[in-house]
Amino acid sequence: MKTVVTTAYRPTTKTIEEAARIADLLGCTAVERRKRTIEQIQEMEQADVVVAAKKRLEYYPVGTSDPFFFHPSSAAFRTKRQPEEDPFLEATGLSEGDSLLDCTLGIASDAIMAAVMAGSAGRVVGCESQPVIGLVVKEGLQRYEEVPRLCEAMQRIEVVLSDAVTYLQNCADGSFDIVYMDPMFSEAIGESSNFTPIRQAAVHGGLTEEWVTQAKRVAKRRVVLKAHFRSTDFEEFGFERKIRPNTKFHFGVIHLERGNVSER
Ligand SMILES: C[S@@+](CC[C@H](N)C(=O)[O-])C[C@H]1O[C@@H](n2cnc3c(N)ncnc32)[C@H](O)[C@@H]1O
């Protein structure tokens, strides 16, 4: 499905320029709004629609009327809890100054947690292979101002619009403390409602041998996987599963401190 970019209902010179900039970044066409509804544009252009609104980008894949836009919703409440209560932080073992590669950025909830925990001495890079999701989140992380306590951390996240395996293949050995992956589950599990409009559009490929091999080469300390509790990926790819009773997803860890360098 192709994508077109348009403005909000009442365009201004600034939003017309913004739509052109976003279309350029996505390598697609900017179309005039001409007071059309989103459904009319989807129908007439046979395309998913991105709206370059004044404050944010909105993404309407065909068949959806509720937009996807960036909002740090779940990170906003997660960062209010104690770090030891967050299973992602526990599985990654992240601490101040650490670097983490998030292979599957999504709406960046985990990446924001990592950026807060690692602090300004740390580094968080997030890969997203669905280009519109990646761009909406990348722009959102830079522009979002409504939760001031998170802005500095959000702005430090480096978003890479790339497939994670391709990105990993170009990383040096041991260049991140932690490599993390949270691929799409085959079934919806009541994830953040922000994500619902893009569940279909997101990239659904599963974990592969090459992905895990590259992750083990690039990570210094841990490779961490989040997957559905019924997933057999933990055992298949050698992750130590952390059982969380009565939860729909588990984390798995490959510890690399224990002599992985000689295993490479
Ligand atoms: C379950 S979501 C990740 C949610 C994320 N952990 C968060 O906190 O918001 C998975 C995301 O990874 C993306 N994705 C899937 N496979 C990928 C790959 N090989 N490389 C990069 N991104 C990928 C999907 O498009 C989707 O946006």
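The structure displayed is predicted, hence computed values, not measured ones.

Visitor: How would you sum up the site of the ligand? Please name residues and give values.
Guide: The environment of the ligand is formed by 22 residues, the closest being Asp110, Glu128, Ala164, Asp182 and Val203. Within the contact set of the ligand, a nitrogen atom lies 2.8 Å away from a side-chain nitrogen or oxygen of aspartate 110. Measuring from an oxygen atom of the ligand, one finds a backbone N or O atom of valine 203 at 2.8 Å. Protein contact buries 93% of the 610 Å² of open area that the ligand shows by itself. Each residue belonging to the shell around the ligand can be placed in one class, and the counts come to 12 nonpolar, 6 polar and 4 charged.

Visitor: For the sheet that holds strand S9 (residues 219-228), give the residues involved together with the corresponding values.
Guide: Here we have 7 strands laid out as an open sheet, ordered S7-S6-S5-S8-S9-S11-S10, and mixed in their pairing. Edge positions in the sheet fall to strand S7 (158-160) and strand S10 (240-242), since each has one partner strand and no second. Averaged over all adjacent pairs, the angle separating strand axes in this sheet is 20°, with direction ignored. One ladder, built from 4 bridges, connects strand S5 (residues 99-102) with strand S6 (residues 123-127); its direction is parallel. Residue pairing for S6: aspartate 102 is matched across the bridge by glycine 126.

Visitor: If you had to explain the pairing of strand S3 (residues 47-52) to someone new, which residues and values would you point to?
Guide: By the criterion of burial, S3 is predominantly enclosed, with 6 of the 6 residues buried. Bridge analysis of strand S1 (residues 2-7) against S3 gives 6 bridges, and the strand direction is parallel. Directly across from threonine 3, in S3, lies its bridge partner aspartate 48. By the bridge criterion, 4 bridges tie S3 to strand S4 (residues 57-60) in an arrangement that is antiparallel. What sits directly across from alanine 52, in S4, is leucine 57.

Visitor: Explain unusual backbone geometry residue by residue, including any values.
Guide: The phi torsion at glutamine 46 lies on the positive side, around 50°, for a residue other than glycine. For glutamine 46, a relative accessible area of 51% puts it in the exposed group. Despite not being glycine, asparagine 246 has its phi angle at roughly 60°, a positive value. Structurally, asparagine 246 can be placed in the loop between S10 and strand S11 (249-255).

Visitor: Requested: an account of the side chain of threonine 3, with residues and values cited.
Guide: Of note, threonine 3 is situated in strand S1. Look past the residues within four positions of threonine 3 in its chain and what remains in contact with it is Cys28, Thr29, Ala47, Asp48, Val50 and Val132.

Visitor: So what's going on with the pattern of salt bridges? Which residues, and what values?
Guide: Counted by the stated rule, this structure contains 16 salt bridges. Across the salt bridge formed by glutamate 18 and arginine 143, the nearest N and O atoms sit 2.7 Å from each other. You can see glutamate 18 sitting in helix H1 (residues 13-26) and its partner arginine 143 sitting in helix H6 (residues 131-143), a full 125 residues away along the chain. Classification of glutamate 18 by relative accessible area gives buried; the value is 18%.

Definitions and cut-offs
The written sequence of each chain sets the order in which its residues are numbered from 1. In view of the model being predicted, local features appear only for residues whose pLDDT reaches at least 70, and side-chain atom pairs are presented and counted only at 80 or more, with totals across whole chains, interfaces and linings using the full set of residues. Hydrogens and water molecules were not included; the side-chain quantities draw on all heavy atoms of the structure. Summary of the distance rule: residues count as near a molecule or strand when at least one heavy atom falls within 4 Å of that molecule or strand. Under the rule applied, a polar contact is a pair of N or O atoms within 3.5 Å (in protein, one hydrogen donor and one hydrogen acceptor; residues adjacent in sequence only if both atoms are side-chain atoms). Surface accessibility in these figures is a Shrake-Rupley result with a 1.4 Å probe; residues are shielded only by whichever protein chains are displayed. Only Asp, Glu, Lys and Arg are considered charged in this grouping, and only Ala, Val, Leu, Ile, Met, Phe, Trp, Tyr, Cys and Pro are considered nonpolar; every other residue, Gly among them, is considered polar. Strand pairing is assigned whenever DSSP identifies at least 2 bridges connecting the two strands. Secondary structure is summarised from DSSP: a helix means a run of H or I of at least four residues, a strand means a run of E of at least two, and numbering begins at the N terminus for each. Lines fitted to the C-alpha atoms define the axes, with helices restricted to the stretch that makes contact. Angles between their N-to-C directions range from 0 to 180 degrees. Each residue gets one of three labels from its accessible area relative to the maximum for its type: buried under 20%, exposed over 50%, partly exposed in between, using a 1.4 Å probe on protein chains only. Note on contacts: a residue pair is in contact if any heavy atoms of the two residues lie within 4.5 Å. Any carboxyl oxygen of Asp or Glu within 4 Å of a side-chain nitrogen of Lys or Arg constitutes a salt bridge here.

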